Amino acid sequence: LADLSPKQISRVLTHARYLKQVSQPWLQPQTRTELDLRMPSQSLFSKSIALLFSKRSTRTRLAAETAATLLGGRALFLGSDDIQLGVNETVRDSARVIGGMCQGIFARVGDHSEIEELAKYSPVPVLNALSSLWHPTQILADLLTLHENAHLFDSTLKPLPTDPGYLARAKRFIPLPELRPLTIAYVGDSANVLHDMLVTYPRIGHNLRVASPEDAKYRAPKAVWDRVVELECDKRIWWGKDPKEAVQGADVVVTDTWISMGQEAEKEERLKAFEGYQVTEELCRQGGANPDWKFLHCLPRKQQEVDDEVFYGPRSLVFPEADNRKWTIMALFDMQFGKWDLGKKEQVE
Ligand code: CP
Ligand code: NVA
C-alpha cells in the first residue's frame, strides 16, 4: 500500500463497497431498477487470472476465486505442487510464461524479492497476495470494515443499512461513511500485516501504537522502516515493548499470529518471547483502552494471541473483516486486471 496514495486507497475502498452492494445475491434481475448500475463490472470477461501461491491460504484464495467469477473471469490456482516454478523453472521464466497466457498475476510468495522479480519480468500486472514483508490486501479489507462500522466510533453517525430488502430497493449507491481519526493499537509480532498498517494508517489520519518484544527480529526490518520514514508515517507511530502501554486510548486493537507461515521451527522460542502479549479484556482494561474498543485479526487465529472472550465477543469484527477480503480484492482485480490495456502496466488511478 506504500505504493498507493491515500486518494488511490480511498478509491479502491469506495469501489469495493460499490461492488459489495451491487453483487449481493438477493439482487435478482427483476429488482435491479437501474440495471446497469446494479450489475458488477464484467471487466474480467474472457480473462484468466493466475493465483500463484507458494503458501497456504483460505481467505485470500477464496476471495480471489469468487471475485474473479463475479467479474466474469476465471482464476487459475497454481500452488507450488502444481507447477514447475521453484523446482524446474525460475521466477523470471515462469513470470513471462504465465503472463503470456493470463491477464493478471496475484502472487503469495516467501521472500518479498520474489514479488519484485515477478513484477519485473511479467508482461501483465502483479498484485501481492502476501509476502515476507507485506500483506496489502489485508489492510484494504480492514479499512473497509472500519469504515462500514464508523458509527461504532462516532455516536453522531447512523449505522449503514444492512437490510437486504432496503439495499435491493435503494436506487443509489450508499456511500461509505468517513472515519474519525482513530488510535489503533497492534500487539504482537512485527510481520507483514503490521507492516502495511505502518505505511497506511498514519497517512490517512490515524495514530498507531505498537507493542512487540525488544529483540530486533520482532521489530520492523529496515526495508519496511525506510518506507515508513519516507512516507513520514513515523510521526504518528508509538512503538514500545509493553502491551498495556500500547493499548492506551485504543479505539481498535489488532493482532496477528506470533508464528507466521515459514516460522514453524521457531515456535518454542516465539511462544516464550510473546508471553504477556495475548489480547484480553483484562489487558485492555488495565492499559486504559477506549471502553468501546473493537478487535481486528487477519486470521487464521491461534488462541495464544487472543483469547476466546475477545475473539468471539461483541467487540470482534473479525468475520466481517474476513468477508471484506472478497470485495476489496474484487475492486483491485477490476481496477488493475480488468481495466488494463494490453501493453500497459497501469497503477490504480
Ligand atoms: N488473512 C489471510 O490472508 O488469510 P489466508 O492466509 O487464509 O488467505
Ligand atoms: N503473518 C501471517 C499472516 C497470515 C495471513 C503470516 O504471514 O503467516
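Residues numbered from 1 in each chain as written. Chains lettered and ligands numbered in written order. Predicted model: local features only at pLDDT ≥ 70, side-chain atom pairs only at ≥ 80, totals over all residues.

- Taking an unreviewed UniProt entry as the reference, the protein is identified by name as ornithine carbamoyltransferase belonging to Phlebiopsis gigantea.
- The heading Sequence similarities (unreviewed entry) in the UniProt record of the protein holds the text "Belongs to the aspartate/ornithine carbamoyltransferase superfamily. OTCase family." (UniProt positions renumbered as here; feature names shortened; annotations may be inferred.)

**Describing the sheet that holds strand S1 (residues 48-53)**
Thought 1: On the basis of which strands lie adjacent, the open sheet formed by four strands has the order S2-S1-S3-S4 and parallel pairing. Since the sheet does not close on itself, it has two edges, and those belong to strand S2 (74-79) and strand S4 (126-128), each with one partner. Within the sheet, the average angular offset between the axes of one strand and its neighbour, ignoring direction, is 20 degrees.
Thought 2: Here S1 runs beside strand S3 (residues 104-108); their pairing, made up of five bridges, is parallel. By the bridge assignment for S3, Ala50 is matched with Ile105. (Pairing = 2+ DSSP bridges. Helix = DSSP H or I, 4+ residues; strand = E, 2+ residues; numbered from the N terminus. Axes fitted to C-alpha atoms, helices over the stretch in contact; angles between N-to-C directions.)

**Details of the site of ligand 1**
Thought 1: Every residue close to ligand 1 is listed here: Ser57, Thr58, Arg59, Thr60, Leu130, Gln138, Cys298, Leu299 and Pro300.
Thought 2: Within the shell around ligand 1, the residues separate by chemical class into four nonpolar, four polar and one charged.
Thought 3: Here the shell around ligand 1 spans two domains, since at least three of its residues come from each of domain 1 (6-135 + 324-338) and domain 2 (181-316). (Near = placed C-beta within 6 Å. Nonpolar A, V, L, I, M, F, W, Y, C, P; charged D, E, K, R; others polar. Domains from an automatic or database assignment.)

**Topic: the site of ligand 2**
Thought 1: By nearness alone, every residue bordering ligand 2 is listed as Leu130, His135, Ala191, Asn192, Val193, Asp256, Thr257, Ser260, Met261 and Cys298.
Thought 2: In terms of residue class, the shell around ligand 2 is built from five nonpolar, four polar and one charged.

**Some thoughts on unusual backbone geometry**
Thought 1: Following Leu299, the chain continues into Pro300 via a peptide bond in cis, with omega recorded as 0 degrees.
Thought 2: The topology assignment puts Pro300 in the loop between strand S9 (294-297) and helix H12 (308-311).
Thought 3: At Leu299, a residue that is not glycine, the phi angle is positive and equals roughly 65 degrees.
Thought 4: Summarising the element assignment, Leu299 is placed in the loop between S9 and H12.

**As for the confidence of the model for the protein**
Thought 1: Of all residues in the protein, 91% attain a pLDDT of 70 or more, and the chain-wide mean is 92.
Thought 2: Across residues 341-349 the pLDDT falls below 50, and counting only partners more than four positions away or on other chains, this stretch makes eight contacts in the model.
Thought 3: The complex prediction reports pTM at 0.95, with the ipTM value standing at 0.99. (pLDDT = per-residue confidence, 0-100. Contact = placed C-beta atoms within 7 Å.)

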